[in-house]
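Each chain, letter by letter, is given below.
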Amino acid sequence: MAITLAQFREGRADYVDQQVIDSFRRNSLLLDQLVWDDAVSPNGGGSTLTYGYQRVKTPSMAGTRELNKEYTAQETTRERHSVEIKIFGGAYEVDRVIESASGNASEIAQQTEAKIKATCNAFQKTVIDGDSAADKTTFDGLDKALRGTSTEINAGGYIDISTSAALDANYKQLLDLLDEFLASLNGRASCIMANTAMITKLKAAARRAGYLTHGEDAFGRKTQCYDDIPFMDMGYYPVLKENGTYEESPVVPIQKRTIGEAEVTGLTDIYAPVISLDNFHGVTVKGKGFVSQYLPNLKTPGAVKKGEVELLGAVALKNTRGAAVLRNIKIK
């Protein structure tokens, strides 16, 4: 069965549950747009949450034939894949005195909203660069899944739009590559996913060419688009430094890479999925455990109260042309 977060919200009678789900939707265009296959039940004694599927590698082909001659046989090929649903979320603690003194600006509400945003960013980071071989708490992201496929565009070169002058000189080349990238998909892209700096550059290029369009999200907020495909800022995630402080890094990284024989700094990528059950979609559990919140109970003993939010999910790429990546855009 396919379900969206909006549909999952309608099945919840509790107003707080509905507000938490809406917060996930507001904080992530990707989570709001994703179609989820809620088909997974615990097995193996409740220890695994595995979703198995077939990924199309080569399409079926058809053509013409002469009279009294047979068609040349050719079959579509599929590859067996599986993904385990992972647990995203976090906890916070609030002293009951702080909450009781916070008035209308509830500390619990603020901490819950902040934890939802952090959970969205953690999920989006895994969608991009998750690697189950390196970290068993994650699933494989698009960076890994798309390497070496027909929808990995510009892997062997780079384009420089790091300054206004470079963007003026190269924006047409960028948009040509962007069109090639979008055309490689098995349908119209659902969104264009990149980091904040890259999306700023894309908007500037689209504005120069007259292709910057506008739309609305499910909450009536204005969105900016390329040819009516909305831009999705994948946000930031905190990295703990050696001195104990945190530094925010973009979910879609900006890196130094070797292109040919040269070391090139400031390179990043752009991703685009086709969201549907036969291309790219979310996977979650059956029942009510998809999105959960556990609010502190102020009526029980204990001075410090604990709250949690949780999302159970993963993604499945069922067609290698169900998502694409445009590599090596120099933005710094």
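I will try to describe carefully the structure that is included in this document. Because the structure is a prediction, the values reported are computed rather than measured.

Brief notes about the overall build of the protein
And step 1. For the protein, the helix and strand inventory stands at 8 helices and 19 strands.
And step 2. Against the compact-globule benchmark of 20 Å for 332 residues, the protein has a radius of gyration of 22 Å, which places it among compact chains.
And step 3. Expressed as lengths along the three principal axes of its C-alpha atoms, the size of the protein is roughly 80 × 55 × 40 Å.
And step 4. Buried positions account for 46% of the 332 residues belonging to the protein.
And step 5. Taking all contacts inside the protein whose residues are at least 6 apart in sequence as the whole, residues at least 24 apart take part in 71%.
And step 6. With an accessible surface of roughly 17,100 Å², the protein has 49% of that area assigned to carbon and sulfur atoms.

Some remarks on helix α8 (residues 196-209)
And step 1. Spanning 14 residues, α8 covers 20 Å between terminal C-alpha atoms, matching the ideal 20 Å at 1.5 Å per step.
And step 2. Phi turns positive, to about 80°, at Gly 210, one or two residues after α8.

A look at the pattern of salt bridges
And step 1. One pass over the structure, following the stated rule, counts 17 salt bridges.
And step 2. Of the charged contacts in the structure, one is a salt bridge between Lys 144 and Asp 131, with a shortest N-O distance of 2.9 Å. Residue Lys 144 is located in helix α6 (residues 142-145), and its partner Asp 131 is located in the loop between α5 (107-129) and α6; the two are separated by 13 residues in the primary sequence.
And step 3. Note on Lys 144: relative accessible area 36%, which makes it partly exposed.
And step 4. A relative accessible area of 28% means that Asp 131 is categorised as partly exposed.
And step 5. Glu 152 is paired through a salt bridge with Arg 327; the nearest N and O atoms lie 2.9 Å apart.

Digging into the nonpolar core
And step 1. By size, the foremost hydrophobic cluster in this structure holds 49 residues, and its most contacted members are Phe 24, Phe 123, Met 193 and Val 291.
And step 2. Per-element tally for this core: the top contributor is strand β18 (residues 304-317), with 7 residues.
And step 3. Sequence-distant contacts of Phe 24, that is, excluding residues within four places in its chain, are made with Leu 5, Leu 31, Ile 116, Thr 119, Cys 120, Val 291 and Leu 311.
And step 4. Counting 32 residues, the second largest nonpolar core, distinct from the first, contains Leu 174, Leu 182, Met 198 and Leu 326.

Things to note about the packing of aromatic side chains
And step 1. One pass over the full model with this rule turns up 8 aromatic pairs.
And step 2. Ring-pair connections join several aromatic residues into one group, and the members of that group are Phe 8, Trp 36, Phe 88, Phe 123, Phe 139 and Phe 290.
And step 3. Residue placement shows Arg 65 over the ring face of Tyr 71; its charged tip is 5.3 Å from the ring centre.

What to know about helix α2 (residues 15-27)
And step 1. Compared with an ideal rise of 1.5 Å per residue, which puts 13 residues at 18 Å, α2 spans 18 Å between its outermost C-alpha atoms and is within 8% of the ideal.
And step 2. Taken together, the buried positions of α2 are Asp 17, Gln 18, Val 20, Ile 21, Asp 22, Ser 23, Phe 24 and Arg 25.
And step 3. On its buried face, α2 is in contact with α1 (5-10), α3 (29-33), α5, β17 (291-294) and β18.

Digging into the packing of α2 against α5
And step 1. Interhelical geometry of α2 versus α5 gives an angle of 50° and a closest axis separation of 9 Å. With respect to α5, the element α2 is oriented oblique. Where α2 crosses over α5, the two elements pack in a sense that is right-handed. When α2 is examined against α5, the residues Val 20, Ser 23, Phe 24 and Asn 27 are found in contact with a partner set consisting of Glu 113, Ile 116, Lys 117, Thr 119, Cys 120 and Gln 124.

Looking at the pairing of strand β15 (residues 262-273)
And step 1. Within β15, 9 of the 12 residues are buried, which leaves it mostly tucked inside the rest of the structure.
And step 2. Note that strand β14 (residues 255-259) and β15 share 4 bridges and pair antiparallel. Its bridge partner being in β15, Arg 257 is matched across the sheet by Val 264.
And step 3. Note: β15 against strand β19 (residues 323-330), 6 bridges, orientation antiparallel. Bridge assignment links Thr 268 to a residue of β19, and that residue is Ile 329.

What about a negative patch on the surface?
And step 1. The grouping of Asp 176, Asp 179, Glu 180, Asp 227 and Asp 228 at the surface amounts to a negative patch.
And step 2. Note on placement: Asp 179 falls in helix α7 (residues 164-183).
And step 3. Asp 179 gets classed as partly exposed once you look at its relative accessible area, which sits at 37%.

Re the packing of α7 against α8
And step 1. Packing of α7 against α8 leaves a shortest axis separation of 9 Å and a crossing angle of 85°. The angle between α7 and α8 falls in the class roughly perpendicular. Here Ser 164, Leu 167, Asp 168, Tyr 171, Leu 174, Leu 175 and Leu 178 of α7 lie close against α8, whose contacting residues are Lys 201, Leu 202, Ala 204, Ala 205, Ala 206, Arg 208 and Ala 209.
And step 2. Here the residues of the contact of α7 with α8 sort into 10 nonpolar, 1 polar and 3 charged.

Section: the environment of Val 264
And step 1. Residue placement: Val 264 occurs in strand β15.
And step 2. According to the relative accessible area criterion, Val 264 is buried, its value standing at 5%.
And step 3. Spatially, the C-alpha atom of Val 264 lies 9.2 Å from that of Asn 328, the residues being 64 residues apart in sequence.
And step 4. Once residues lying within four places of it in the same chain are set aside, the contact partners of Val 264 are Tyr 158, Gln 255, Lys 256, Arg 257, Ile 259 and Lys 330.

Rules used throughout
- As a convention, each chain's residues are numbered from 1 in the sequence order in which they are written.
- Predicted model: local features are reported for residues with pLDDT of at least 70 only, side-chain atom pairs are reported and counted for 80 or more only, and whole-chain, interface and lining totals are derived from all residues.
- The side-chain values count all of the structure's non-hydrogen atoms but skip hydrogen atoms and water molecules.
- Numbering of helices and strands starts at the N terminus; helices are DSSP runs of H or I of at least 4 residues and strands are runs of E of at least 2.
- Our radius of gyration is a C-alpha quantity, and the globule rule it is checked against amounts to 2.2 Å times the number of residues to the power 0.38.
- The buried label applies to any residue whose accessible area, calculated with a 1.4 Å probe on protein chains only, is under 20% of its type's maximum; exposed applies above 50%, and partly exposed to all values in between.
- Only heavy atoms enter the contact rule, under which two residues are in contact if any of them lie within 4.5 Å.
- The protein chains shown are the only cover counted for residues, whose accessible areas, like all others here, come from Shrake-Rupley with a 1.4 Å probe.
- Every helix has an expected span of 1.5 Å times one less than the residues it contains.
- A pairing counts as a salt bridge when a side-chain nitrogen of Lys or Arg comes within 4 Å of a carboxyl oxygen of Asp or Glu.
- Think of a nonpolar core as a cluster: buried Ala, Val, Leu, Ile, Met, Phe, Trp, Tyr and Cys residues, connected wherever their side-chain atoms sit within 4.5 Å.
- Think of it this way: a Phe, Tyr or Trp ring, Trp meaning its six-membered ring, pairs with another when their centres are within 6.5 Å, and the plane angle makes it stacked under 30 degrees, edge-to-face over 60, tilted otherwise.
- A ring has a charge above it when a Lys NZ or an Arg CZ is no more than 6 Å from the ring centre and no more than 35 degrees off the ring normal.
- What counts as an axis is a line fitted to C-alpha atoms, over the stretch in contact for a helix, and the angles between N-to-C directions run from 0 to 180 degrees.
- The cut-offs work like this: below 35 degrees is roughly parallel, past 145 is roughly antiparallel, 65 to 115 is roughly perpendicular, and the gaps in between are oblique.
- For any pair of crossing helices, the crossing counts as left-handed if the nearer helix is rotated counterclockwise from the farther one by less than a right angle, and right-handed if it is rotated clockwise.
- Here, strands pair whenever DSSP counts at least two bridges between them.
- Each patch is built from residues lacking any salt bridge and having more than 30% relative accessible area; the joining distance is 9 Å for like charges and 5 Å for nonpolar side chains (Val, Leu, Ile, Met, Phe, Trp, Tyr).
- Asp and Glu count as negative and Lys and Arg as positive, but His and the ends of the chain are not part of the count.
- For this purpose, a charge sits on NZ of Lys, CZ of Arg, CG of Asp or CD of Glu.
- When residues are sorted by character, Ala, Val, Leu, Ile, Met, Phe, Trp, Tyr, Cys and Pro go into the nonpolar class, Asp, Glu, Lys and Arg into the charged class, and all the rest, Gly among them, into the polar class.

Spatial relationships are all this shows, so hold off on functional conclusions.
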